[in-house]
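Understanding the architecture of this molecule
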Amino acid sequence: MSEKHGDIEITGILKGNSTVRASITKRPSHTVIYKISGESIYYVRGERLRLSAGTVLYIPEGESYSFEKISEGESLYHLVNFHCAQAPMEKPKLFSPSHSKHIEALFSRMEQSWTLFHSQANRYKILSLFYELLSILYQDQDRTYHTTAQRMKLSPALQYLDKNFCSHDLSVSALAELCGISTVTFRKLFEAQMGESPKKYIIRCRLTKAKTIIESGEFNSIQEVSYAVGYNDPLYFSRHFKQHFGISPSAAYMPSKSQGSRDI
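Now for a description of the structure that goes with this document. Numbering of residues starts from 1 in every chain and runs along the sequence as written. The predicted origin of the model limits local features to residues at a pLDDT of at least 70 and limits the giving and counting of side-chain atom pairs to 80 or more, whereas totals for whole chains, interfaces and linings rest on all residues. The side-chain values count all of the structure's non-hydrogen atoms but skip hydrogen atoms and water molecules.

We now examine the packing of helix α5 (residues 198–216) against helix α7 (residues 234–245). The relative placement of two packed helices comes down to the angle between their axes together with the axis-to-axis distance. Between N-to-C directions, angles span 0 to 180 degrees; the directions come from axes that are lines fitted to C-alpha atoms, helices contributing only their stretch in contact. Where helices and strands are cited, they refer to DSSP runs of H or I of at least four residues and of E of at least two residues respectively, numbered from the N terminus. Two elements in contact, α5 and α7, have axes separated by 10 Å at closest approach and are oriented at 90 degrees. When the axes of α5 and α7 are compared, the pair comes out roughly perpendicular. For the pair formed by α5 and α7, the contact residues are Lys 199, Ile 203, Arg 204, Leu 207, Thr 208, Ala 210, Lys 211 and Ile 214 on the first element and Tyr 236, Phe 237, His 240, Phe 241, His 244 and Phe 245 on the second. Among the residues forming the contact of α5 with α7, the class breakdown is 8 nonpolar, 3 polar and 3 charged. Working definition: roughly parallel below 35 degrees, roughly antiparallel above 145 degrees, roughly perpendicular at 65 to 115 degrees, and oblique for all remaining angles. In this analysis, two residues are considered to be in contact whenever any of their non-hydrogen atoms come within 4.5 Å of each other. Classes in brief: Ala, Val, Leu, Ile, Met, Phe, Trp, Tyr, Cys and Pro nonpolar; Asp, Glu, Lys and Arg charged; the others, Gly included, polar.

Moving on, we come to the pattern of salt bridges. Salt bridge, as applied in this entry: a Lys or Arg side-chain nitrogen positioned within 4 Å of an Asp or Glu carboxyl oxygen. Following the criterion strictly, the structure yields 6 salt bridges and no others. The closest approach of N and O atoms between Glu 68 and Arg 21, which form a salt bridge, is 4.0 Å. Residue Glu 68 is found in strand β8 (residues 65–69), and its partner Arg 21 is found in strand β3 (residues 21–24); the two are separated by 47 residues along the sequence. Judged by relative accessible area, Glu 68 falls into the partly exposed class, the value being 23%. Only protein chains enter the accessibility calculation, which uses a 1.4 Å probe; a residue is then buried when its area is under 20% of its type maximum, exposed when over 50%, and partly exposed in between. Under the relative-accessibility criterion, Arg 21 is labelled exposed at 57%. Between Glu 39 and Arg 50 there is a salt bridge, and its shortest N-O distance comes to 2.8 Å. On the criterion of sequence distance, the pair formed by Glu 39 in strand β5 (residues 39–44) and Arg 50 in strand β6 (residues 47–52) is long-range, its members being 11 residues apart.

As structure tokens, then:
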């Protein structure tokens, strides 16, 4: 039994429970798998793809691969097998769609329609749902590509920050210059990719480093710590530290001191 329209022929739709492990040689059709629950690892083309709840995996026709279940209990999935004149993607692809529940609903509706009487209207319904699924996956792929391109544009600044976030000469304008873009564009791009402004990112990195130093007890004064992580004003540093961790730098040091650290 199959449903064909234009370039796509759907050959099977099902809901199942993953076996512990299996190997597939030259898969006879393209497949799209949605993981409902549990986790499995797919080994394909030298890659290790982790399929967990809410993710989608596309595997091309003719592909050889193996998989194993790595979670306890049920490992449920939806699956659609299909043929098409042109492969929708060049290689196996793992998706983590933002609207996973909508994806799951599409699979459920396709499965329900597949088990019902195959009227012409029902055939078109299945294909319509499948095209909607492919459209969402393509949009996700485009978004991923766009995100990767933006992240690469920020790469010079991120690499510099990784080693120099405690520098006293650090400035957002200098970071923007490293990336070859304006300061305004850099701020917008940075916040879109990192989820916080450059200033907040730098402060968070500095305070995390300061906390590590304080907890180690390897310092002579709070002023020394503040300067070591890029602050010129220890009072300003202390205010930021307390805002971030809910405790003053001196109070953060007390547990270490009570366990035998030297006095300062």
